[in-house]
Amino acid sequence: MSELPVIDVAPLLTEAPHSGKRAVADAIGAACRDSGFFPVGGELTSGRPDLKEGIYFGAEKPPGPLPLHGPNLFPAQVPELRDAVLEYLDRMTALAQSVMSGVALSLGLDEDYFRTGYTADPTILFRIFHYPPAPPDDAGTWGVGEHTDYGLLTLLLQDDNGGLQVRTPRGWIEAPPVRGTFVCNLKCSHG
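This structure is a prediction, so every number in the text was calculated from the model and none was measured.

Quick notes on the overall build of the chain
Inference 1: The helix and strand inventory of the chain stands at 2 helices and 9 strands.
Inference 2: Tracing the chain from N to C terminus, the helices and strands come up as α-β-β-β-β-α-β-β-β-β-β.
Inference 3: In the chain, which comprises 191 residues, the proportion classed as buried is 31%.
Inference 4: Surface accessibility of the chain: about 12000 Å² in total, with carbon and sulfur atoms responsible for 57%.

What about the environment of Gly 20?
Inference 1: Note that Gly 20 resides in the segment before helix 1 (21-34).
Inference 2: Along the chain, Gly 20 and Val 9 lie 11 residues apart, while their C-alpha atoms are 9.4 Å from each other.

Concerning the nonpolar core
Inference 1: Core analysis: the biggest nonpolar cluster contains 17 residues, and Ile 7, Val 9, Val 24, Ile 28, Leu 95, Val 103 and Leu 186 have the highest contact counts within it.
Inference 2: Considering each element in turn, this core owes the most residues, 6 residues, to helix 2 (residues 81-106).
Inference 3: Among the nonpolar cores identified, the runner-up in size contains 6 residues, and Phe 74, Val 85, Leu 89 and Phe 126 belong to it.

Side note on the layout of surface pockets
Inference 1: In this model, the second largest pocket occupies a volume close to 220 Å³.
Inference 2: Considering the residues around the second largest pocket, the lining is formed by 15 residues, among which Gly 58, Ala 59, Leu 68, His 69 and Leu 125 are closest to the centre.
Inference 3: Counting residues per element, the lining of the second largest pocket draws most heavily on strand 4 (residues 53-58), which supplies 3 residues.
Inference 4: For the lining of the second largest pocket, the class distribution of residues is 9 nonpolar, 5 polar and 1 charged.

Some words on the packing of aromatic side chains
Inference 1: Applying the stated criterion to the full structure yields 7 aromatic pairs.
Inference 2: Between Tyr 113 and Phe 114 the ring centres are 5.1 Å apart and the planes differ by 85°, which places this aromatic pair in the edge-to-face class.
Inference 3: According to the relative accessible area criterion, Tyr 113 is partly exposed, its value standing at 35%.
Inference 4: Of the residues examined, Phe 114 reaches a relative accessible area of 11% and is grouped as buried.

Reading the values: the criteria
- Residues numbered from 1 in each chain as written.
- Predicted model: local features only at pLDDT ≥ 70, side-chain atom pairs only at ≥ 80, totals over all residues.
- Heavy atoms only, no water.
- Helix = DSSP H or I, 4+ residues; strand = E, 2+ residues; numbered from the N terminus.
- Buried < 20%, exposed > 50% of the residue type's maximum accessible area, 1.4 Å probe, protein only.
- Areas by Shrake-Rupley, 256 points an atom, 1.4 Å probe, with all protein chains shown as cover.
- Core = buried A, V, L, I, M, F, W, Y, C linked by side-chain atoms within 4.5 Å.
- 1 Å grid on protein atoms, 1.4 Å probe; cavity = no way out; pocket = protein on both sides within 12 Å on 5 of 7 lines; lining within 4 Å.
- Points joined across faces, edges and corners; volume = space filled by probe spheres on them.
- Nonpolar A, V, L, I, M, F, W, Y, C, P; charged D, E, K, R; others polar.
- Phe/Tyr/Trp six-rings, centres within 6.5 Å; stacked < 30°, edge-to-face > 60°.

Interpretation in functional terms is not warranted from these geometric data alone.
Set out below in structure tokens:
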């Protein structure tokens with residue numbers, strides 16, 4: 001495989017029983033077994049500083065002793081940001097649950113297998129990054145170095161700048177931006 005597969009997950013977003021979900025699930029299963037990726041989107045990586053700026057949001061849960069619980073801290077200067085972010089989180093959570101239903105179907109499981117168990121109350125992180133241009137005198141600078149995302153599923157919306165590469169069992173491949181899609185990274189084992 002020299003490029004990432006593009007999989008239209010629209011059939012997973014419908015309640016219709018025979019809407020092409022099986023074909024989407026088969027394509028997701030093949031992508032998981034092959035590379036774990038498909039398009040659908042002050043830190044260190046490998047001991048080197050990342051060249052990125054970011055802001056993080058999460059699902060708003062009642063405050064408590066657990067990490068990542070409580071309200072987000074939205075900047076007062078942009079009052080409309082709260083509603084926009086929370087709506088986006090809701091939509092992306094629904095998309096992620098639909099992608100996971102495709103994964104479940106690809107494994108021969110009921111499409112609600114993850115939604116009613118593992119992802120019934122998911123940890124949701126929404127991270128917005130800006131990657132400033134690298135200094136011209138430092139060819140070794142990167143936006144983010146080689147890393148593994150944490151969590152079960154990452155949906156990544158890319159801009160038109162590109163630069164993302166995916167490491168597969170056969171080596172590195174480019175993941176160029178495809179308008180109207182997300183890059184989907186699943187935690188799968190290759191075996």
